Amino acid sequence: MSSNEAGTGNSTNDQAQWGSRFGYIMVAAGAAIGLGNIWRFPYLAYGGGGGVFIVVYILMALIMGYPLIKAESAIGRYARANVATSFGAVKKKYRFIGWIAMLCTALIDMYYVIVGGWVLKYAVAYITGADFGTDTQVFFNSFTSKAAEPLIYTAIVMIVVAILLFFGITNLVEKITKFMMPALFILLLICGIWAVFSTPNAAEGLKYYIVPDFSKMSVKVFADAATQVLFSIGIGWGIFVTLGASLPKSNNIKKDSIWIAVCDTVVALTAGFVIIPSAFGAGVDVSSGPSLIFVVMTQIFSKLPGGRFIGIFFFIALLFAALSTLFTIIEIPNKWLEETAHISHRKSTTITSLVIFAGGIIVSLGFGVLSGVQLPFIDLNGVSYYNIYNWLDTFTAYILLPLGCLLTCFYVAKVWGFKDFEKELTVNGRDGGFSQFQKLLYAVIVPVLMLVVILNCFGFIK
């Protein structure tokens, strides 16, 4: 889906940009299913009370995730342009909504690509027979705190993504993703079943994960679950606007969006099924955060027959999940730069990749030589200080993403209008109708939920 494949607003070009509908759904799901589901979801669910977090997450995926996939996809297909231009297709002054999405995505790119480098490191470590030691947390901390090694792996990931972006994302990536996404899911399921039966006290961990304890419910748990839906499904980034720009009219956005939301949610829940019972049973610290999946999976594979081989395949599959997301989320600011600066796709890809990698250097060093750097964050309680990763995560996940979703709802309800939105979404009624409840979701329910998340982040609601 290189940017020169997208037309301009109200384009009548209906040429399919994807080899098949299944291919599109797998690429779109692959753009969403990545480190957000398998790396970020488990540690938030683990620290957020397990079962009660899951209940809120599923509800948010239904009433917020699915509608916003439809909205973004329709906006992209209607405008057939980069994210900023797409939001300006009806009225140019609303391009700023796309700029917020691009800023958010570019900042997420800067730490996402670093985590992609970590995944590559672990894949290589399994292939070369590395010894993770008895304390896998020590191995992880030792690696991520180094100045050069994490950046070398990140650079490799960045170069691979940049080279493949030179040729668009609808050929090779579509073919690989159609195989890797189902394979990753099956592997996660196998690992989860094994972990439950092989890890001491894992049954208690499974109970913690699937049985909600509503005494643990809080506004913070709601905010964590809601923002994880945004992060995991990939709404508020401009992902589906970008993918929708190459979506032919023959695709049923409503049905495709259901499949994307379901695939994403099932993979996230399965990742939690793998990680949380094992982490709970092994007594892993809830505050492990970003290291949780690396620490727990290496423990699981050390006990699994053929664990070294399975570890190789798992981290290679996880690497493809990370790459499938990176292709899209780097293309978002890249596409805007190409069309705005009127430069070639390869030149814009090079510039975008270098900027993201430069930001990634700072994020990576924040786990090591810059770990003492604390960035200020102002809320109702005063000034708090976060390390570089936590500051970026808070700013993007709890402010920019919900703000982008709130503005997307405003765009659909007030700027574009439900009548014209429905025409694009349903292809003039071909793909069904648009109920009053759906209008209520965009006009009231989702904006209020997003407002709660933002107010919680600034300490106004606790």
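Structure first, text after, so check above.
How each quantity is defined
- Residues numbered from 1 in each chain as written.
- Predicted model: local features only at pLDDT ≥ 70, side-chain atom pairs only at ≥ 80, totals over all residues.
- Heavy atoms only, no water.
- Salt bridge = Lys/Arg side-chain N within 4 Å of Asp/Glu carboxyl O.
- Helix = DSSP H or I, 4+ residues; strand = E, 2+ residues; numbered from the N terminus.
- Buried < 20%, exposed > 50% of the residue type's maximum accessible area, 1.4 Å probe, protein only.
- Core = buried A, V, L, I, M, F, W, Y, C linked by side-chain atoms within 4.5 Å.
- Contact = heavy atoms within 4.5 Å.
- Pairing = 2+ DSSP bridges.
- Phe/Tyr/Trp six-rings, centres within 6.5 Å; stacked < 30°, edge-to-face > 60°.
- Arc of directions from axis to C-beta.
- Polar contact = N/O pair within 3.5 Å; in protein donor to acceptor, adjacent residues only side chain to side chain.

Student: I'm lost on the pattern of salt bridges in this one. Help?
Tutor: Between side chains of opposite charge, a pair can form as their charged atoms come close. The full count for this structure, using the stated rule, is 7 salt bridges. With a closest N to O distance of 2.7 Å, arginine 77 and glutamate 424 form a salt bridge. Of this pair, arginine 77 sits in helix α3 (residues 51-79) while glutamate 424 sits in helix α16 (residues 388-426), and the two are 347 residues apart along the sequence. A relative accessible area of 6% places glutamate 424 in the buried class.

Student: For this particular structure, what's the right way to read the nonpolar core?
Tutor: Nonpolar side chains tend to gather and get buried jointly when the protein is soluble and globular. Ranked by internal contacts, the top residues of the largest apolar core, which has 148 residues, are Phe294, Met297, Phe301, Phe314, Phe315 and Phe421. With 20 residues, the top contributor of residues to this core is helix α5 (residues 95-127). With sequence-adjacent residues up to four places away left out, phenylalanine 314 is seen in contact with Ile38, Leu184, Leu187, Leu188, Ile293, Met297 and Phe301.

Student: Any chance you could explain the pairing of strand β1 (residues 375-379) here in plain terms?
Tutor: As a general feature of sheets, a regular strand has side chains that alternate between the two faces. Sheet topology note: the β1/strand β2 (residues 382-386) ladder contains 5 bridges and is antiparallel. When the sheet's bridge partners are listed, isoleucine 378 is paired in β2 with valine 383. Counted between consecutive antiparallel strands, the loop separating β1 from β2 contains 2 residues.

Student: Whenever I open this one, unusual backbone geometry confuses me. Can you help?
Tutor: It is generally the case that most residues other than glycine have a negative phi and that most peptide bonds are trans. You will see that histidine 342, though not glycine, has its phi angle at about 55 degrees, which is positive. Mapped onto the elements of the fold, histidine 342 is located in the loop between α14 (307-341) and α15 (345-365). Even without being glycine, valine 427 reaches a positive phi, approximately 50 degrees. With respect to the helices and strands, valine 427 occurs in the loop between α16 and α17 (436-457). On the basis of relative accessibility, which here comes to 17%, the residue valine 427 falls in the buried class.

Student: Can you walk me through the packing of aromatic side chains in this structure?
Tutor: Where two aromatic rings form a pair, the distance of their centres and the angle of their planes describe that pair. Here the structure, examined in full by the defined rule, presents 41 aromatic pairs. Between phenylalanine 140 and phenylalanine 294 the ring centres are 5.5 Å apart and the planes differ by 25 degrees, which places this aromatic pair in the stacked class. Of this pair, phenylalanine 140 sits in helix α6 (residues 136-144) while phenylalanine 294 is found in helix α13 (residues 292-303), placing the two residues 154 residues apart along the sequence. Across the pair, exposure class does not vary: phenylalanine 140 and phenylalanine 294 are buried alike. Ring geometry for phenylalanine 434 versus tyrosine 442: centroids 6.0 Å apart, planes at 25 degrees, classification stacked.

Student: Please clarify how the environment of valine 119 should be interpreted in this entry.
Tutor: Note that valine 119 resides in helix α5. For the pair valine 119 and tyrosine 153, spaced 34 residues apart in the sequence, the C-alpha separation amounts to 8.8 Å. The residues contacting valine 119, other than those within four sequence positions of it, are Leu35, Phe294, Phe315, Leu318 and Leu319.

Student: Where do I start with α6 in this structure?
Tutor: Owing to its 3.6 residues per turn, the α-helix brings residues three or four apart onto one side. Where α6 is concerned, the buried positions are Thr136, Gln137, Phe139, Phe140, Phe143 and Thr144. Taken down its axis, α6 places every buried residue within 160 degrees of arc, on the same side. Elements that come into contact with the buried residues of α6 comprise α5, α7 (149-165), α13 and α15. By the N-cap criterion, in which a side-chain oxygen at the helix start approaches the backbone nitrogen of a residue two or three places on, α6 is capped by aspartate 135, the distance to glutamine 137 being 3.0 Å.

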